[in-house]
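Structural description and commentary
One-letter residues, chain by chain:
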Amino acid sequence: MRAERASKPGLLALAAVAVAFAAADTYVVVLALPDIMHGVGLSVEQLQKGAPIVSGFLLGYVAMLPLIGRIADLRGRPPVLVAGLVLFAFGSLVTALAYDLPMLVAGRFLQGVGGGALVPATLALVADLYPVERRGVPLGVVSAVQELGSVLGPLLGAVVLAVADWRVIFVINLVVGVVLAVAIGGASAPSGSRYARWHSPLDQGDAAGVRGSRPFDWPGTALLVVMLAAGIVLWVRPASLVSDLTWGELWVPTVGSSDWMTPLGLTTIAAGILLVVRCLTARRPLVDLRGWYASAREADLTGAVLLAIALGGVVLAFATADPKVQVMSAQGGWYLLAAALATLVLIVHLRRADAPLIPRGSLAARPAWGSVAVSFFVGAALVAALIDVPLFARSTVYTDSQLLAALVLLRFLVALPVGALVGGVLVRRLPAETVAAAGMLLAAAGFWWMSSWGPDSLSSWTATLPLVLGGFGFGLALPPVNAAVLASTDHVVHGLAGALVVVARMVGMLVGVAGLTTLGLRRYYAEQADLPPVKEVCDGASRCQAFSDLIRSAGVAQEHTVFAGAAVTALVAAGLALLLLRGARTRGMGAAEALQTLG
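Residues numbered from 1 in each chain as written. Predicted model: local features only at pLDDT ≥ 70, side-chain atom pairs only at ≥ 80, totals over all residues. Heavy atoms only, no water.

**Details of the packing of aromatic side chains**
What counts, and what does not: By convention, a stacked pair of Phe, Tyr or Trp rings (six-membered ring in the case of Trp) has centres within 6.5 Å and planes under 30 degrees apart, an edge-to-face pair has planes over 60 apart, and any other such pair is tilted. Distance and angle both matter: a charge sits over a ring if NZ of Lys or CZ of Arg is within 6 Å of the ring centre and within 35 degrees of the ring normal.
Throughout the structure, instances matching the rule amount to nine aromatic pairs. Through a chain of ring-to-ring contacts, three or more aromatic side chains come together here, namely Phe-392, Phe-412, Phe-447, Trp-453, Phe-474 and Phe-563. The side chain of Arg-75 reaches across the aromatic face of Trp-292, ending 4.0 Å from its centre.

Structure, rendered in structure tokens:
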């Protein structure tokens, strides 16, 4: 029993580190994006063409979360954690080796799927390991490290770019992902009652990739080694071999001009295809693809695909738009139409399916579906800080430095994990609705303060106060929302419930940026319409500093509107938290309630 208790913080610590590292990858391209684009043949002026580098990761992260969360309920938490890390590591390898945009986007998508798998599995793991009254602090830790990734990501990117090529970022991801997968696999090896709690019957005898007495798949391993070796040599292109008359033929395309049509490229493809065939047909494969496919079918693969299309349509409509000038991308209307149609078909499917993706009644409790609703509005407000604080800084004080403008947000981001830790402690002593509402009220106050910033406000130390206040408030609200949904749902759907809360926040961010951008642009155009003619201001000249100052004032007014709208959104989140999270038993039952239940 003592060993079992000791393993709890160890396994959770590994899972938390994995969540933080995957979250950091969400933001790692902030500084590296120009270098990454150049690496696949795009110039900085082609920023719209490079948008899939970001949206590809986000699409994988959001669209597949519900399916992965449900599989975590069926197969167990550690197996999904290990599989997520392996997929994240493989996606990092593909990204590091990418020489064109499609390959790069494919790698980022795989990274998103793998990284997204870690969050719901870790939240569900907390619920498995700790009783209701002791979940507050672990949930606070998980929320804190997840948000800490937003700080570590840009810093990691900056450090690596200062000494090495951008591809090294993803090589680091590959190494860390593999190490964490091995560590979690070892920490979650079968052990008596602990094994019974953490794994479903589907994984008896093969939990977290621990095969026990199973024979090792040497043919599958050999194919994997050949695929990786050929792909790495294809990318590294050793000068001594490329220039050799004999070995150099390995880099000469047999058809066309693509590197994939070279002997090395074709070897990589062939080994990959044979590895997949091996995993699908062998009795004891290196990767049990048939088992995972069976789990996906049991989790309702049809419903998951429909939900992925619906979520993917929302992601593509808004994530590929330029928030400074667009509400949605040029094809956004078509994406949203596809999302709406998929949603309608999904609703019909969920009503008719025998075992739907979202089991009937699983979110029936008010705090359960209320947590999803609150999380949506938390995301809708949060996005204003993540996008518009750097935009405000760039348009006012730091006009010549994108880096310094981005670092202004660091004050907000550092306060966020601190608030999450405090929120985890408070939710053990106070009702979840009280802690969540207090956090969002602080966030609203921070945004309202920002809405009064002048063009030179960021030059003063006082500008730090609303940023810290807002970041702390958002952090404070995250643990009680997670605690409420876990306390109000059955343990057999904790993975799904955690996934839906995360998805709601991400979709809220996308919808929020669209709504707040619309309000801001309307204010901007209204301010511009009231400006006097440029020649009147500049005494006949076509441009002057006085007119530039007027344009800048219109931009400041635009950001004021966005911050004020975010404050209202945060107030809505606070009100919903008070109404919908009430009754969530996040602190366990008191003595009187326990006696009443027994009676």
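**Structural notes on helix α16 (residues 366-395)**
Where we set the bar: Each helix corresponds to a stretch of at least 4 residues labelled H or I by DSSP, and each strand to a stretch of at least 2 residues labelled E; elements are numbered beginning at the N terminus. Multiplying one less than the number of residues by 1.5 Å gives the expected span of a helix. Fitting one axis to the seven residues ending at a residue and another to the seven starting there, the bend at that residue is the angle between the two axes.
Here α16 is 30 residues long and its end C-alpha atoms lie 43 Å apart, about the 44 Å a rise of 1.5 Å per residue gives. Along its length, α16 reaches its greatest deviation from straightness, about 35 degrees, at Asp-388, and the proline Pro-390 lies no more than four positions downstream.

**Focus: the side chain of Arg-135**
Basically, it comes down to this: In this scheme, a residue with accessible area under 20% of its type's maximum is buried, one over 50% is exposed, and one in between is partly exposed, where area comes from a 1.4 Å probe on protein chains only. Only four residue types enter the charge count, namely Lys and Arg as positive and Asp and Glu as negative; His and the chain termini do not. Each reported salt bridge corresponds to a side-chain nitrogen of Lys or Arg within 4 Å of a carboxyl oxygen of Asp or Glu. By the convention used here, residues are in contact when the closest approach between their heavy atoms is within 4.5 Å.
Structurally, the position occupied by Arg-135 is in the loop between α6 (101-129) and α7 (136-163). No salt bridge is formed by the buried Arg-135; its nearest oppositely charged neighbour, Asp-128, is found at 6.8 Å. Beyond its immediate chain neighbours, meaning those up to four positions away, Arg-135 contacts Val-126, Ala-127, Tyr-130, Leu-486, Ala-487 and His-494.

**Side note on the packing of helix α4 (residues 65-75) against helix α5 (residues 77-97)**
For clarity, the cut-off: Note on method: axes are straight lines fitted to C-alpha atoms, helices fitted across the in-contact stretch only, with angles between N-to-C directions ranging 0 to 180 degrees. Put simply, angles under 35 degrees are roughly parallel, angles over 145 are roughly antiparallel, angles from 65 to 115 are roughly perpendicular, and the rest are oblique. Each residue is assigned to one class: nonpolar for Ala, Val, Leu, Ile, Met, Phe, Trp, Tyr, Cys and Pro, charged for Asp, Glu, Lys and Arg, and polar for all the others, Gly among them.
Two elements in contact, α4 and α5, have axes separated by 7 Å at closest approach and are oriented at 135 degrees. Here α4 is positioned oblique relative to α5, judged by the angle of their axes. Of the residues in α5, those in contact with Ile-68, Ile-71, Ala-72, Asp-73 and Arg-75 of α4 are Arg-77, Pro-79 and Val-80. In terms of residue class, the contact of α4 with α5 is made up of five nonpolar, no polar and three charged.

**Things to note about the side chain of Arg-75**
Which entries qualify depends on this criterion: A 3.5 Å cut-off defines polar contacts: any pair of N or O atoms within that distance qualifies, except that in protein one atom must be a possible hydrogen donor and the other a possible acceptor, and neighbouring residues in sequence count only when both atoms are side-chain atoms.
Locating Arg-75 in the fold gives a position in helix α4. Judged by its relative accessible area of 6%, Arg-75 falls in the buried class. Looking at Arg-75, its side chain comes within polar contact range of the main-chain oxygen of Gly-291, at 3.2 Å.

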